[in-house]
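Fold and geometry: a report
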Amino acid sequence: MKRRQFITLLGGAAVSSAWPLAALAQVPTKRPRISFIGGSSPTPSAKVTGAFIEGMRALGYTEGRDFEMEYRWAEGYLERLPALAEESVRRGSDVIVVANPQAAVAAKDATETIPIVGALLDDPVGLGLIKSDARPGGNVTGLLTSVPGLPAKQLELARDLIPGATRIGLLVNPTNVSDLNQRREMETAAAAIAVTLIPVETRTPEDLDPVFPTLAKERVDVVIALRDPLFFTRRRTLTAAALASRLPTIYAWREPVDDGGLISYGIDILQNFRRAADYVVKILKGAKPGDLPVEFPTKLELVINLPTAKALGVIVPPTLLARADEVIE
C-alpha cells in the first residue's frame, strides 16, 4: 500500500487515536552502517580513526546521529583480514572503509557490490581492485598511500642521514602485497647505487623481537621500515628496540617518530583518512565508487626527532634539518 493511501484510510481517526500524526512523523529511519577494517589495533590507530570521524563531522555527518560505525581489527595479523571483510558483508554494511591495501583486497574478494573506500591504497590497478585511477569502474576507490619513487627517496634519505652507508637493513612483511611492491622498488634503487640491502622478514607480532638484534649482528649502518600495519601497530616496540640496538631507523610515517623513532619520510596518513570521509559522504549521497577517481597524496613530510638522534649518537646533517617539515626537540 502506498503511503498516500495509508494516510487517507486513517482519515480523521488518526487525530484522536493512539497513533498521532506527530508519532508517524517520528518513525526512525535506518542510519547508514560504515564498517572500518584495520590491520592494526584500536589504541595505536586512535588518531587514524579520529581523523576519519573528524572528516565526517566537517562534512556535516555526526556519528550516532547520521551514521553508525563498526570497527574490526586484525591486530597485526594480516591473515585475519578476509574473515573481517566477510563479517562486514554479513552485517549489511553500507560502506566499507579499509585502512591498508591487503584489507582492500580482502574486502573486494568478499563483495563486488558494497562500496569500498581505501584510505591507503597501493597499486590498486595491479592488484585488480580498479580499472584505472581516473575511472575505477567497480566498487573500490580511495586514496593512494605512496607516490612513484618514494621507496627510492627513502633509500637516499638513509644515505644522507648516515653518509657512506653501504649496508641497509630492511624491515619487510612478506605477507603484505604493499611491502612486496616497496621492496622491489627499493632493491632496484639499491642496485643502482651499490648499496646492499639486508631484509628481515616479519609476519606476525611474535616475529619482531629478534629483528633488531639480527640486524645489529649483520652490522647494518641504518634500517628502513616499510609501510605495514604490523609495524604501525607495534611502533613503540620497534622504536624502543632500535634505540636499544643503537640502529638509526627510518619509518614510512611520522607516528613512530612521535613515539621516539628517529626519522620518517612519507605521506600524512591522517590527511588521507580525513579525505576518505569525503569519498564516503559522496557515496552516501548516491555517487558510485567506480565514478570517483583515485586520489594521489599531495604532501610528503619529513619529521626528525632530535632527542632520539642524540641518544643514538647520530649527528643529523644541517641539510636534512633544513629540509624537515618538523623537528621534534
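Structure shown above.
A short tour of the structure in this document, coming up. Everything numeric in this text was worked out from a predicted model, so none of it was measured. (Residues numbered from 1 in each chain as written. Predicted model: local features only at pLDDT ≥ 70, side-chain atom pairs only at ≥ 80, totals over all residues. Heavy atoms only, no water.)

Quick word on the environment of Leu247
Heads up, the condition is: The secondary structure listing takes helices from DSSP runs of H or I that are at least 4 residues long and strands from runs of E that are at least 2 residues long, numbered from the N terminus. Residue contacts follow a heavy-atom distance rule, with two residues in contact if any of their heavy atoms lie within 4.5 Å.
Of note, Leu247 is situated in the loop between α11 (235-244) and β9 (249-251). For Leu247, the contacting residues outside a window of four places in its chain are Phe212, Leu215, Ala216, Val220, Val223, Ala242 and Leu312.

With respect to the pattern of salt bridges
Keep this limit in mind: A pairing counts as a salt bridge when a side-chain nitrogen of Lys or Arg comes within 4 Å of a carboxyl oxygen of Asp or Glu. Partly exposed describes any residue whose relative accessible area lies between the buried limit of under 20% and the exposed limit of over 50%, with all areas from a 1.4 Å probe on protein chains only and scaled to the type maximum.
Summed over all chains, the structure comprises 23 salt bridges. Across the salt bridge formed by Asp160 and Arg323, the nearest N and O atoms sit 3.4 Å from each other. Of the two residues, Asp160 is situated in helix α7 (residues 150-161) and Arg323 in helix α15 (residues 318-323); the sequence distance between them amounts to 163 residues. The salt bridge partner of Arg236 is Asp259, with a shortest N-O separation of 3.6 Å. On the criterion of sequence distance, the pair formed by Arg236 in helix α11 and Asp259 in the loop between α12 (255-258) and β10 (263-267) is long-range, its members being 23 residues apart. Residue Asp259 is classed as partly exposed on the basis of its relative accessible area, which comes to 24%.

Structural notes on the environment of Glu156
Residue position: Glu156 is located in helix α7. For the pair Glu156 and Ala190, spaced 34 residues apart in sequence, the C-alpha to C-alpha distance is 9.2 Å.

Looking at the pairing of strand β6 (residues 167-172)
What counts, and what does not: Here a strand pair is declared whenever DSSP counts at least two bridges between the two strands. Look down the strands so they point away from you; if going from the first strand over the helix to the second traces a clockwise path, that crossover is right-handed.
Burial within β6 is extensive, with five of its six residues counted as buried. Bridge count between β6 and strand β7 (residues 196-201): six bridges; the pairing is parallel. Residue pairing for β7: Leu170 is matched across the bridge by Pro199. In the classification by handedness, the crossover that spans β6, the intervening helix α8 (residues 177-192) and the parallel β7 is right-handed. Alignment of β6 against strand β8 (residues 222-225), held across four bridges, turns out to be parallel. For Leu170, the partnering residue across the bridge sits in β8 and is Ile224.

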